[in-house]
Amino acid sequence: MTTTETKTTQGVLTSRRPLGNRIYRFLRSIPTWFLWVLVILWTIPTFSLFVNSFRERDAQRGSGFWNALSDGGNGYDFPTLDNYREVLFPDVGAGVGNALLNSASIAIVATIIPIAIAAFAAYAFAWIDFRGREWLFIATVALLAVPSQVALIPLLSAYSNGVAWTIPVLEKTVTLFPDLDLSGQIPSVWLTHTGFAMPFAIFLLHNYIAGLPKDLFESASIDGADHFTVFWRLVLPLSVPVLAAFAIFQFLWTWNDYLIALTMIGGNRANLPGTIVVASLAGEFGAREHLLTAGAFIITLGPLIVFFLLQRFFVRGITAGSVKG
Amino acid sequence: MNRLVVTVLGIVAAVGGSAVVFIGINKLFDLTEERYPLYSAIAGGLLSGGVFYLLWGNRMLESPVLVTILAIIIGAALGYALGIFEPSTQRLAVGIGGGAALGLLLGIFAADSSGEGETAIAGILPSIDPVGIIVGILIGAGLGFLIWVISGRKPELMIPRMAMGLALGWLLGAWMAAELTGSRAEALIVAVVLGGLVGAAAGGRSRPDQVRRADIALGSRKYIFLTPALVFVGAALVIPLLRTIWLGFLTGNPRELTWTGLTNYADIFSDPGIIDFSGAGDIIGSRLFWLAVFLLVVGTVVGRVLGQRVGTGFSVNSGSLSLLTGGVILFGFAVFTAIRGTIPNNLWWIFSVIIFAVSLGLAVAVLADRARGENIAKSLIFLPMAISFVGASVIWRLIYVARPPQDPQTGVFNSLWVMLGEWSNSGLAKTLVSLVLLAIIAALAYLAWRGWQAEANAIVAGSAAIIVVLGWLVFRFLGPGLGGFETSEVTGEIVAAPVLFIQEGPWNNFWLMVVFIWIQTGFAMVIFSAAIKAVPEDLLEAARIDGATESQTFWRVTVPQIFPTIGVVVTTLIVQTLKIFDIPKVMTNGNFDTQVLANEMWERAFTQLNFGLGSAVAVVLFVAVLPVMAMNIRRMQRERLG
């Protein structure tokens, strides 16, 4: 009914004012253009970085990225891998290569350990009954919103000096966390990321694990399986999608992290991850400015690959846990 | 290559170690039902070994390696014995004996004060003080009795509970409260009694029967599963948070902090760098402000008029809403460019990021929904989410870069801006561009007219808005000129004048926010997209059958359906934006009036080493997220507790 009506109205209009209608319909599609204009605007920055990273220093300083194709005519090499060569290897330039290893070390461990720990906790919150469970869960997840800044000062001093507590009245001091001289070392970043990731990880995994069918657990416990077996044999395999979602989220988060590594590793150049090395390149205006493009592209490459290959899981992690703090 | 090996080994050790510990403990508690003595032996060894290891770590033992190994052996033997013996007198005797043996070990090897300077060890040999011991025993007896009463007054638990309380009291009174200047003999007496009491507590309980062992196997799991997570949450978030709140009241260098009350907070809120109201008077005088008022008034009128047409008080549609949003944006900018400082900057960030990321994200989600190439468009908008803030800052520096006026501009923005300036000063280009713009205006006017006939308000409002903006452009272009140029006062020549996007305040703040908006629009889009796809098809179909236009369906059906999602996106963005750090840090390091709270905190704490003030700034951040936390808690309570 509706469709025929529209058709006739359109038919009448078309026969009366053909040109006007064509223009009208053309102009009405402006919102769709708006989408594609936005898409192009959103892509230009990344694209310009990509192009510029293959241009010589003077070419980068002399003209915008859109002139890359005429670089050859101006006596420059394009594309050239010189920037990458220079930025990757420590004997020539900035040593981003070494920093990439540190980034990988930080991100891999700071992804796997939180997943494991949070999966146990999420299982316990979902399927083990105990008093105060709901409250403990809410309290843990509420910490999502806490900004990591509030924990940095005490954590750094714990890593560099340990934690000692003087018992009031008795005037005796005990060591609660030994002075392991962790500040400047990568394990301090692992520990910090693991702690900070906990609320979000528990929240995300719990949502999924709590949604697994109840019959599954009942039949398993009739078969005499204990919690550990159920967790290991049943819950873990079934939770692969959400584990993957969290893993990707956490990997990108830790790989891209700047604040925590800067605070905990600080001045120890050998252990700095890629983000900090590139940021410090950005800090020194001038001489090595051209390396910035290649450096930034290298540290972005890993996340981009993960993004394009596993976008589905990443989106799932984001939508499922959109209260990450 | 060497580094690569070290890295891989570190990863394997960290992951493998954690796995072995966790699985090991689970396997240990699996033993309780079938092989109780073995479980008991391992648990005993681990417990006593753990205690001695802690003493070792606190430098309270002499020859610690040997002592800890001995402690593990004795503990395991004691655990094994208690795992076998049934009769209660035997158990008690074995427990006291084993405990006393451990005490003897401790007494013999407790550290005596020795060494000087760096290597000095404060001894822990207690000197026996009758008063302390008597007070300790009294406290311990009271404590033990209390625990026994609380745990249900079971007669068979009387001895172990009392022994446990007495052990605690004895430890407090005879050792911890004592002067640590005693002799070896005194240490032996105190330690053996302590060990005996602990052993009595362990041996005083009957051997668990099959049912209780199954209970242990089952009941232990919640602790095993939860402890690692809760330890991390406590150690990395809760305790540091409490300590930061405490540090906020202290001042001085990190080694010797002294109490200063609320001085840090007074310093923060009286610092003109952090909040400065002196420009507030200029708000009324600014053009932005009046433009904002104009848009808000027009938006309200449009909403009212259209609302009366359809019989509601106020019509929420593309026209009224875009005018009102524009008004709110300009109003916010008028306020935040006048009231300066770190805190207003942070509020400005939150304001801009929420408005732009939410509206653009929603727009993309709606426009892309079922459009051709939906997935490609969404992927590309979403892509910046994968890029680090550092990478994004570097990328946008390239876009914003300003070269000297005589050189070609290499940044996209300045290149366009300077080109516009060149056109403004060339008669031909000026005429051509103006003609093109006027043609577009004419087309839009036609569109608006057709839209008016078709009663498509969104088209009318949208075209009208674009016409106003383009008209203003033509006016500027033909009149005073537009773009990056200036006339040299000396020679009268016209030279390029690029904009210093990153350095020129206060608008540089906005250019930094653009980077974050670029990233977060993808986030908002993904969430909205999921929400829009979840709107039931029946509802939309019903609205269409009732004759609603696309735009009406959107505002009356889709938007109310996804309203809770908007709330979630906004709260998430508030939390994310509040702690924004990387972008200002990398792009300006807080210079040129772009300081934000997170960077203020970092600089105070880690550059100036003023832990007190840094902590106070962190607490301000924490207080700012409290409302969001409270909302999240309320929502979860509703969902979970009913």
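Residues numbered from 1 in each chain as written. Chains lettered and ligands numbered in written order. Predicted model: local features only at pLDDT ≥ 70, side-chain atom pairs only at ≥ 80, totals over all residues.

A. Main features of the overall build of chain A. The helix and strand inventory of chain A stands at 15 helices and 2 strands. Rg of the C-alpha trace for chain A: 28 Å, well past the compact-globule value of 20 Å for 325 residues, more than 25% over. For chain A, the spread of C-alpha atoms along the principal axes amounts to about 95 × 70 × 40 Å. The buried share among the 325 residues of chain A stands at 47%. Of the contacts made within chain A by residues no fewer than 6 positions apart, 70% connect residues no fewer than 24 positions apart. (Helix = DSSP H or I, 4+ residues; strand = E, 2+ residues; numbered from the N terminus. Rg over C-alpha atoms; globule rule 2.2 N^0.38 Å. Buried ≥ 20, exposed ≤ 12 C-beta atoms within 10 Å, placed from the backbone. Contact = placed C-beta atoms within 7 Å.)

B. Region of the structure containing the overall build of chain B. Each helix and strand in chain B was counted, giving 24 helices and 4 strands. Scaling as 2.2 N^0.38, a compact globule of 642 residues should have a C-alpha radius of gyration of about 26 Å, whereas chain B reaches 36 Å, well beyond that. Considered along the principal axes of its C-alpha atoms, chain B spans approximately 105 × 70 × 55 Å. The buried share among the 642 residues of chain B stands at 43%. Within chain B, counting contacts between residues at least 6 apart in sequence, those at least 24 apart form 71% of the total.

C. The interface of chain A and chain B, seen in detail. On the side of chain B, 101 residues touch chain A, which itself brings 97 residues to the contact. Sort the elements by how many residues they give to the side of chain A that touches chain B and helix α6 (residues 96–127) of chain A lands first, with 15 residues. Residues belonging to the side of chain A that touches chain B are distributed by class as follows: 65 nonpolar, 26 polar and 6 charged. (Nonpolar A, V, L, I, M, F, W, Y, C, P; charged D, E, K, R; others polar.)

D. How the structure looks around the confidence of the model for chain A. All names here are of chain A. Taken as a whole, chain A shows an average pLDDT of 83; of its residues, 90% reach a score of 70 or greater. Here helix α1 (residues 2–16) stands out as the least confident element of chain A, with mean pLDDT 43; helix α13 (residues 259–265) is the most confident, with 94. Predicted confidence for residues 1–15 stays below pLDDT 50, and this span has 2 contacts to residues more than four positions away or in other chains. (pLDDT = per-residue confidence, 0-100.)

E. Here's a closer look at helix α3 (residues 30–52) of chain A. The terminal C-alpha atoms of α3 of chain A, which comprises 23 residues, lie 32 Å apart, in line with the 33 Å expected from a rise of 1.5 Å per residue. Those residues of α3 of chain A that fall on the buried side of the exposure criterion are Leu 35, Val 39, Trp 42, Pro 45, Thr 46, Ser 48, Leu 49, Val 51 and Asn 52 of chain A. (Expected span 1.5 Å × (residues − 1).)

F. Local environment of the domain arrangement of chain B. Domain annotation for chain B reports domain 1 (20–207) and domain 2 (277–339). Placing a centre on the C-alpha atoms of domain 1 of chain B and another on those of domain 2 of chain B gives a separation of 73 Å. (Domains from an automatic or database assignment.)

G. View of the environment of Glu 179 of chain B. Residue and element names in this part refer to chain B. Structurally, the position occupied by Glu 179 is in the loop between α6 (158–176) and α7 (184–203). Classification of Glu 179 as exposed rests on a count of 11 C-beta atoms within 10 Å. Taking the C-alpha atoms as reference points, Glu 179 and Pro 126, 53 residues apart in sequence, are found 5.9 Å from one another.

H. Inspection of the pairing of strand β2 (residues 172–177) of chain A at higher detail. All names here are of chain A. Two elements, strand β1 (residues 163–167) and β2, share 5 bridges in a ladder whose sense is antiparallel. Looking across to β2, one finds that Trp 165 is bridged to Val 174. Between β1 and β2, which pair antiparallel one after the other, the connecting turn spans 4 residues, and Val 169 there sits at a positive phi close to 70°. (Pairing = 2+ DSSP bridges.)

I. Structural view of α6 of chain A. An ideal rise of 1.5 Å per residue puts 46 Å on 32 residues; α6 of chain A measures up with 46 Å between its terminal C-alpha atoms. Counted residue by residue, α6 of chain A has 24 buried out of 32 residues, so it is predominantly covered.

J. Main features of the nonpolar core. Counting 209 residues, the largest nonpolar core has Ala 121, Ile 202 and Leu 205 of chain A together with Ala 229 and Leu 621 of chain B as its most contacted members. For this core, the element with the highest residue contribution is α6 of chain A, accounting for 18 residues. Not counting residues up to four positions away in its chain, the partners in contact with Leu 621 of chain B are Pro 147, Gln 149 and Val 150 of chain A together with Leu 578, Lys 579, Leu 597, Ala 598 and Met 601 of chain B. Counting 52 residues, the second largest nonpolar core, distinct from the first, contains Ala 71, Ile 96, Ala 167 and Leu 172 of chain B. (Core = buried A, V, L, I, M, F, W, Y, C linked by C-beta atoms within 7 Å.)

K. Geometry of unusual backbone geometry. In this structure, the amide linkage connecting Phe 78 of chain A to the following residue, Pro 79 of chain A, adopts the cis form with an omega of -5°. With respect to the helices and strands, Pro 79 of chain A occurs in the loop between α4 (57–62) and α5 (82–88). That bond from Gly 505 of chain B to Pro 506 of chain B is cis: its omega, -10°, falls within 30 degrees of zero. Inspection of the secondary structure assignment puts Pro 506 of chain B in the loop between β4 (494–496) and α19 (508–533). Positive phi values are uncommon outside glycine, yet Arg 153 of chain B reaches one of about 50°. With respect to the helices, strands and loops of the structure, Arg 153 of chain B is situated in the loop between α5 (130–150) and α6. Taking the number of C-beta atoms within 10 Å as the measure of exposure, Arg 153 of chain B has 11 and is therefore exposed.

L. Inspection of the packing of α3 of chain A against helix α14 (residues 374–382) of chain B at higher detail. Closest axis-to-axis distance for the α3 of chain A/α14 of chain B pair is 9 Å, and the angle between their directions is 40°. For the crossing formed where α3 of chain A meets α14 of chain B, the hand is left-handed. Contact residues: Leu 35, Leu 38, Val 39, Trp 42 and Thr 43 of chain A in α3 of chain A; Ala 377, Leu 380 and Ile 381 of chain B in α14 of chain B. Among the residues making up the contact of α3 of chain A with α14 of chain B, the classes are represented as 7 nonpolar, 1 polar and no charged. (Axes fitted to C-alpha atoms, helices over the stretch in contact; angles between N-to-C directions. Left-handed = near helix turned anticlockwise from the far one by under 90°.)

M. The arrangement of the environment of Gly 49 of chain B in detail. All names here are of chain B. Inspection of the secondary structure assignment puts Gly 49 in helix α2 (residues 36–57). Along the sequence, Gly 49 and Arg 184 sit 135 residues apart, while their C-alpha atoms lie 22 Å from each other. Contacts of Gly 49, omitting those with residues within four sequence positions, involve Thr 68, Ala 71, Ile 72 and Gly 75.

N. Layout of the confidence of the model for chain B. In the predicted model, chain B carries a mean pLDDT of 88, and 98% of its residues have values of at least 70. Taken together, the chains of this predicted complex give a pTM of 0.88 and an interface ipTM of 0.88.

O. Here's a closer look at the packing of helix α14 (residues 274–283) of chain A against helix α15 (residues 291–320) of chain A. All names here are of chain A. Following both chains from N to C, one finds α14 and α15 inclined at 160°, their axes separated by 10 Å at the closest point. Here α15 runs roughly antiparallel to α14, going by the angle between their axes. Crossing angle aside, the handedness with which α14 passes α15 is left-handed. Of the residues in α15, those in contact with Gly 274, Thr 275, Val 278, Leu 281 and Ala 282 of α14 are Leu 291, Leu 292, Gly 295, Ala 296 and Ile 299. Here the contact of α14 with α15 is built from residues that sort into 7 nonpolar, 3 polar and no charged. (Parallel < 35°, antiparallel > 145°, perpendicular 65-115°, else oblique.)

P. Fine view of the environment of Leu 35 of chain A. The residue Leu 35 of chain A is located in helix α3 in this model. Judged by C-beta crowding, with 20 C-beta atoms within 10 Å, Leu 35 of chain A ranks as buried. Separated by 116 residues in the primary sequence, Leu 35 of chain A and Ala 151 of chain A have C-alpha atoms spaced 41 Å apart. With residues up to four places along the chain from it excluded, the contact list for Leu 35 of chain A reads Val 364, Leu 367, Ala 368, Ala 371 and Ala 377 of chain B.

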